[in-house]
Amino acid sequence: MTDWPTDSADPLGLDAAQMRELGYWVVDRVIEHFETIAAQPAIRTGTPAELRAALGGPVPRSGGDALEAMRTLVDVALAHMQHGDHPRNFARVPSPSSYAGVLGDWLATGFNAIDASWTGGSGPATVELVALDWVRELLGLPEGTEGVTTSGGSLANLTALAAARAAEGPGVCYLSDQTHASIPRGLTALGFVADQVRVLPADGDMRLPVAALAAAVADDRAAGRRPGFVVANAGTTNTGAVDPLVELAALARREGLWLHVDGAYGASAALCEAGRRVLSGLELADSVVLDPHKWLFQPYDLACLLVARPGVLKGAFHMVPDYLADITAANDGEVDFRDRSLELTRRPRGLKLWLSFRVYGVDRLASAVARGIALAEHAQRLIERDEDWQVVTPAQLGIVTFARHGADRREHHAMLAGIDEGGYAHITTTSVGGYAALRLCTINPRTTECDIASTLERLGIRVEA
Ligand SMILES: Cc1ncc(COP(=O)(O)O)c(C=O)c1O
């Protein structure tokens, strides 16, 4: 400790003793949340009027009671939301957060850590570099691959495509109609015009058809356009389908295309044996996105982008405004994360991921991921017992879609009433190749077989053997 003068009086009016008391209160509420979540609604949505009545009002001119305000946040604001970590939240992509991830985020926030420049955040930057490299190794990408974290898959995919285009120049981008909607949106934001975006119909297995892609590339060349990029899916959001990555990588290499793999949802499955089999070829990509806030047990928000071509991220995003020249000059070839995406000020998202690897270890994380895959297979087996129902797409990477024979989307939607009521579980309808279906995403390792069976029963499925 230095003997520099300290003055702990807080000009804003909360002192250390109060912070300690309030902080412990927060810890207790969060543990209570984790402990009681299964008995709480999976989702609860308020009306604007009731929420405004509790949370709105005029600008508070003078301060009030901290604990009372925090109670309002817990009891009102945080009670009206979808709980991504609820064991019966099977909708969209859940977010089964975990203690180590929460602790890492708390430390990052408490220390107000920043991870923008090496000089200003060498510790957090090293943590992010190390965590990204662990992810790289687990995905089998080559050494020298560079990465960056972003807020989520949408931004990570956009960052990848911006960097790829900066490296390769303008070109046509190919994707299937099962690609996440944020990617065409990102392409538009990046200035790709209509004839630079080719959305190809997926095949019967909801995968990008390689022959159709090859034909589209040939057509574009014949028409004088320059094919540039392929976006492949490593686990589509709708069905968990994985595009034929090995064949796509071979085609991309032959045609000189950048292969980007959106594994925001599914790439985490590469941690376990069952997932690795399905994801073969992922390691051949030029860039890959993986969202730990989806299937690596991290609280929002955290996505990882890995780019196998060194220097490409810096080539796209490097900047040195005058006021940052000193901090840049002090850097001796180390990584300034502000040079790897569009963010300058950035929270150190690597801390929670690093801590989770250190606390849990890959083996535990891998078996938690494997459980998510197995739970969807279990759900499929239960659905198959009732001849009034059919599996629309088989369990793939933790997602199964299914339908009652002859039911349309409206009827499927009506079946959700018994489940949504009281928030017992949360699931959604979807459409697969034009067919109405229901969909379960089962990546929460705390979900029990009983949670699955009781949810299916409430939909009207006879699950008994
Ligand atoms: C495959 C895939 N890509 C991208 C995204 C977008 O990710 P985010 O919501 O983190 O921006 C999602 C979200 O569910 C996804 O499933």
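Quick notes on the rules
- Within any chain, residue numbers begin from 1 and follow the written order of that chain's sequence.
- Totals for whole chains, interfaces and linings use every residue, but because this is a predicted model, local features are given only for residues with pLDDT of at least 70 and side-chain atom pairs only at 80 or more, for both listing and counting.
- Processing note: side-chain calculations cover all non-hydrogen atoms of the structure and skip hydrogens and water entirely.
- Patches were defined on residues exceeding 30% relative accessible area and lacking a salt bridge, with like-charge contacts within 9 Å and nonpolar side-chain contacts (Val, Leu, Ile, Met, Phe, Trp, Tyr) within 5 Å.
- Note on areas: Shrake-Rupley, 1.4 Å probe, and residue coverage restricted to the protein chains presented here.
- Salt bridges are defined as contacts in which a side-chain nitrogen from Lys or Arg sits within 4 Å of a carboxyl oxygen from Asp or Glu.
- Every helix listed is a DSSP run of H or I at least four residues long, and every strand listed is a run of E at least two residues long, numbered separately from the N terminus.
- Cavities and pockets were defined on a 1 Å grid built over protein atoms only: a cavity is a set of grid points that admits a 1.4 Å probe from which the probe cannot escape, a pocket is an open set flanked by protein on both sides within 12 Å along at least five of seven lines, and lining residues are those with an atom within 4 Å of any such point.
- Grid points are joined across faces, edges and corners, and a volume is the space filled by probe spheres set on the points.
- Residue classes follow a fixed rule: Ala, Val, Leu, Ile, Met, Phe, Trp, Tyr, Cys and Pro count as nonpolar, while Asp, Glu, Lys and Arg count as charged, and any other residue, Gly among them, counts as polar.
- For each domain, the first and last residues come from an automatic or database assignment.
- Whether two strands pair comes down to DSSP finding at least two bridges between them.
- Lines fitted to the C-alpha atoms define the axes, with helices restricted to the stretch that makes contact. Angles between their N-to-C directions range from 0 to 180 degrees.
- Working rule for contacts: check all heavy atoms of both residues, and any pair within 4.5 Å makes them a contact.
- When two parts are brought into contact, each loses some accessible area as probed by a 1.4 Å sphere; the total of that loss over both is the buried area.
- Counting of polar contacts relies on pairs of N or O atoms within 3.5 Å, with two restrictions inside protein: one atom must be capable of donating a hydrogen and the other of accepting it, and residues adjacent in sequence are counted only when both atoms are side-chain atoms.
- Categorising residues by exposure relies on relative accessible area from a 1.4 Å probe, with only protein chains included: less than 20% of the type maximum marks a residue as buried, more than 50% marks it as exposed, and the intermediate range marks it as partly exposed.

Student: Mind showing me how you'd approach a nonpolar patch on the surface here?
Tutor: On the surface, a nonpolar cluster with roughly 400 Å² of combined accessible area is contributed by Val 26, Ile 31, Tyr 99, Leu 103 and Trp 106. Secondary structure elements with two or more residues in the nonpolar patch: α1 (16-36) and α4 (99-110). In terms of residue count, the dominant contributor to the nonpolar patch is α4 (three residues). Relative to the helices and strands, Ile 31 is located in helix α1.

Student: Mind showing me how you'd approach the layout of surface pockets here?
Tutor: Space left empty within the atom packing is revealed by a probe, the size of a water molecule, rolled over the atoms. Empty space within the largest pocket amounts to approximately 1,800 Å³. Taken together, 46 residues make up the lining of the largest pocket; nearest its centre are Val 26, Val 30, Leu 78, Val 102 and Trp 106. Elements represented by at least two residues in the lining of the largest pocket include exactly α1, α3 (66-77) and α4. With 15 residues, α1 is the largest single contributor of residues to the lining of the largest pocket. Here the residues of the lining of the largest pocket are counted per class, giving 25 nonpolar, twelve polar and nine charged. When we break the lining of the largest pocket down by domain, the ones giving at least three residues each are domain 1 (16-79) and domain 2 (104-359).

Student: Before we go on, may I ask you to explain the sheet that holds strand β8 (residues 389-396) in this structure?
Tutor: The antiparallel open sheet is built from four strands, whose spatial order is β8-β9-β11-β10. Unpaired on one side and paired on the other, β8 and β10 (428-432) mark the two borders of the sheet. Between one strand and the next, the sheet's axes are offset by a mean angle of 35 degrees, whatever the strand orientation. Across the sheet, helix α14 (residues 350-383) touches β8, β9 (399-404) and β11 (435-441), and the angle it forms with β8 is around 165 degrees.

Student: Explanation requested: the domain arrangement of the protein chain in the structure shown.
Tutor: Interfaces are often sized by the amount of accessible area the parts lose when they come together. Assigned domains within the protein chain: domain 1 (16-79), domain 2 (104-359) and domain 3 (363-458). Using only C-alpha atoms to locate each centre, domain 1 and domain 3 end up separated by 32 Å. At the interface, five residues of domain 1 touch five residues of domain 3. Carbon and sulfur atoms supply 65% of the area that domain 1 and domain 3 bury against each other, a total of about 350 Å² over both sides. The tally of links between domain 1 and domain 3 comes to zero salt bridges. Remark: the boundary between domain 1 and domain 3 carries one residue pair in polar contact (both at pLDDT 80 or more). When the residues that make up the side of domain 1 that touches domain 3 are grouped by side-chain class, the tally is four nonpolar, one polar and no charged.

Student: What's the story with the sheet that holds strand β1 (residues 146-150) in this structure? I'm lost.
Tutor: Pairing between sheet strands relies on hydrogen bonds along the backbone, with the strands arranged either parallel or antiparallel. Read across the sheet, seven strands follow the order β1-β7-β6-β5-β4-β2-β3 without closing on themselves; strand pairing throughout is mixed. Lying at the two open borders of the sheet, with one neighbouring strand each, are β1 and β3 (197-200). Adjacent strand axes in the sheet meet at a mean angle of 20 degrees, parallel and antiparallel pairs treated alike. As defined by bridge partners, strand β2 (residues 172-176) adjoins β3 across four bridges and the pair is classed as parallel. Each bridged residue has a counterpart across the sheet, and for Leu 175 the counterpart in β3 is Val 199. Of the strands in this sheet, β1, β6 (287-290) and β7 (303-307) touch helix α5 (residues 118-139), which is tilted by about 70 degrees from β7. The strands that helix α9 (residues 245-255) touches are β4 (227-233) and β5 (258-263); relative to β5, the one it contacts most, it runs at about 155 degrees.

Student: Can you help me understand the pattern of salt bridges in this one?
Tutor: Close approach of charged atoms allows side chains of opposite charge to pair. Per the stated rule, a full pass over the model turns up 22 salt bridges. Close ionic contact of Arg 276 with Glu 273 constitutes a salt bridge, the shortest N to O distance being 3.2 Å. Placement of both Arg 276 and Glu 273 in helix α10 (residues 273-278) is noted, with a separation of three residues, approximately one turn of the helix. Exposure remark for Arg 276: the relative accessible area of 40% places this residue in the partly exposed category. One salt bridge in this structure joins Asp 386 and Arg 462, with 3.0 Å as the shortest N-O distance. Within this pair, whereas Asp 386 is found in the loop between α14 and β8, its partner Arg 462 is found in the segment after α17 (449-458), the two being separated by 76 residues in sequence. Classification of Asp 386 as buried rests on a relative accessible area of 1%. A cluster of three or more residues bridged by salt bridges with shared partners is formed by Asp 115, Glu 128, Asp 301, Glu 343, Arg 346 and Arg 349.

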